[in-house]
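Working through the structure, step by step
Chain by chain, the residues:
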2 protein chains.
Amino acid sequence: MAGKKNQKPDYEKMLRKAGVRITRPRRVIVDILAGTDDHPDALEIFRRASAVDPGISLSTVYRTTKLLEGLGAIHRHAFEGGPSRFEQAQGEHHDHLIDLDTGDVIEFKSERIEQLQNEIAEALGYDIIHHRLELYGRKR
Amino acid sequence: MAGKKNQKPDYEKMLRKAGVRITRPRRVIVDILAGTDDHPDALEIFRRASAVDPGISLSTVYRTTKLLEGLGAIHRHAFEGGPSRFEQAQGEHHDHLIDLDTGDVIEFKSERIEQLQNEIAEALGYDIIHHRLELYGRKR
DNA sequence: ATGCAATTGCAAATCGTTTGCAAAAAGAAA
DNA sequence: TTTCTTTTTGCAAACGATTTGCAATTGCAT
Ligand SMILES: [Mn+2]
Ligand SMILES: [Mn+2]
Ligand SMILES: [Zn+2]
Ligand SMILES: [Zn+2]
């Protein structure tokens, strides 16, 4: 899952299509997101962006992640405790297991669970718009 | 599920066992939690508590919910968007479907999903400490 | 009733995030 | 290119939810 993201998404094209300007800060931030398979939070993106261009502000990181999220280009995860973390919206859907000791995020996917979720919602008369499945655990 | 909570928990006994003092604010807050099957947030608990004793402060609501959570007497849910919401830790484990239009919280339980979660964690070499499964949807 | 530690209410602080605003940059048009 | 208009930026201040310091109050064991 991580490590085999389909192909690096063309965020610039997405931005262009969205009719927003392609600025230097956006290019930097977007490149960072497109080039990683982990789940950095805003501050971490800010650090990485600062290494490329020290002028970029944390505000712009927040504004850009929000913009990309709105475009469906990235996903936001509010894992318990910490700040929001982001990842590209490429690849197939998956859920996460968070290592309570290290904070590591491990991705997994269960077609069976996805299916059961749909059956449950169906039985309750609902359509699922999105969901959240997070396992919090420690190494055995 | 909601509406058929096993039996009203004796929070006073829990508090006593925890070695903390049974104060008027605590009694009021604890009674509110013990007497409802919904998922109120701190502000809502504060409103309900204020109706009983106008002197109770929001700080005390926060402190008491945190205390009860620490004792395992109540559960905290950080549904997306809003503030934390609480419910008694009685009854069997269940997960939630949140109505995106009304904010209503619907409880459900799937032994199959719980089982699959364990198998996934097992396969990854982890023990699940707790998890979060939330379906966000709208009426069909 | 007394004494002291635990708890409270209040106000101020905190954390992650958002926002107003004036200055800077994008990019369409000339 | 230069000009023009609009969007975007950085900064600082505001924000909402929650936590905290502190002095006053309370619970409760003696
Ligand atoms: Mn992921
Ligand atoms: Mn519930
Ligand atoms: Zn899923
Ligand atoms: Zn569950």
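Labelled according to an unreviewed UniProt entry, chain A appears under the name Ferric uptake regulation protein, originating from Borborobacter arsenicus. Checking UniProt for chain A, the heading Subunit (unreviewed entry) contains the comment "Homodimer." One UniProt comment on chain A, placed under Subcellular location (unreviewed entry), says "Cytoplasm".

Next up on the list: the overall build of chain A. When helices and strands are tallied, chain A shows five helices and five strands. Expressed along its principal axes, the backbone C-alpha trace of chain A runs to roughly 50 × 35 × 25 Å. Counting across all 140 residues of chain A, residues that qualify as buried make up 40%. Taking the contacts inside chain A whose residues are at least 6 apart along the sequence as the reference set, 52% of them involve residues at least 24 apart.

Residues and elements named next belong to chain A. Protein coordination at the zinc ion (ligand 3) comes from His93 (NE2), Asp95 (OD), Asp95 (OD), Glu114 (OE) and His131 (NE2), with a distance range of 2.0 to 2.7 Å. Sequence positions of the donors to the zinc ion (ligand 3) reduce to the motif H-x1-D-x18-E-x16-H. Taken as a pair, His93 in the loop between β2 (85–88) and β3 (95–99) and Glu114 in helix α5 (residues 111–124) lie far apart in primary sequence, 21 residues in all. In this structure His93 comes out as partly exposed when scored by relative accessible area, which is 37%.

So, about the relation of the copies chain B and chain A. For the match of chain B to chain A, the screw axis carries a shift of 0.0 Å, the RMSD comes to 0.0 Å, and the turn is 180°. Viewed as a symmetry operation, the transformation between the two copies matches a two-fold axis. Using C-alpha coordinates, one finds that chain B approaches the rotation axis most closely at Leu133(B), a distance of 2.2 Å. Of the residues that chain B buries at the interface, 100% are likewise interface residues in chain A, meaning the two copies contact each other through the same surface.

Residue and element names in this part refer to chain A. Looking at the secondary structure, you find Thr36 in the loop between α2 (24–34) and α3 (42–52). Reaching out from Thr36, the side chain makes a polar contact with the side chain of Asp38 at a distance of 2.4 Å. In contact with Thr36, not counting residues within four places along its chain, are Arg48 and Gln88.

How each quantity is defined
Residues numbered from 1 in each chain as written. Chains lettered and ligands numbered in written order. Predicted model: local features only at pLDDT ≥ 70, side-chain atom pairs only at ≥ 80, totals over all residues. Heavy atoms only, no water. UniProt positions renumbered as here; feature names shortened; annotations may be inferred. Helix = DSSP H or I, 4+ residues; strand = E, 2+ residues; numbered from the N terminus. Buried < 20%, exposed > 50% of the residue type's maximum accessible area, 1.4 Å probe, protein only. Contact = heavy atoms within 4.5 Å. Donors = N, O, S within 2.8 Å, 3.2 Å for Na, K, Ca; no water. Least-squares fit on C-alpha atoms with pLDDT ≥ 70 in both. Polar contact = N/O pair within 3.5 Å; in protein donor to acceptor, adjacent residues only side chain to side chain.

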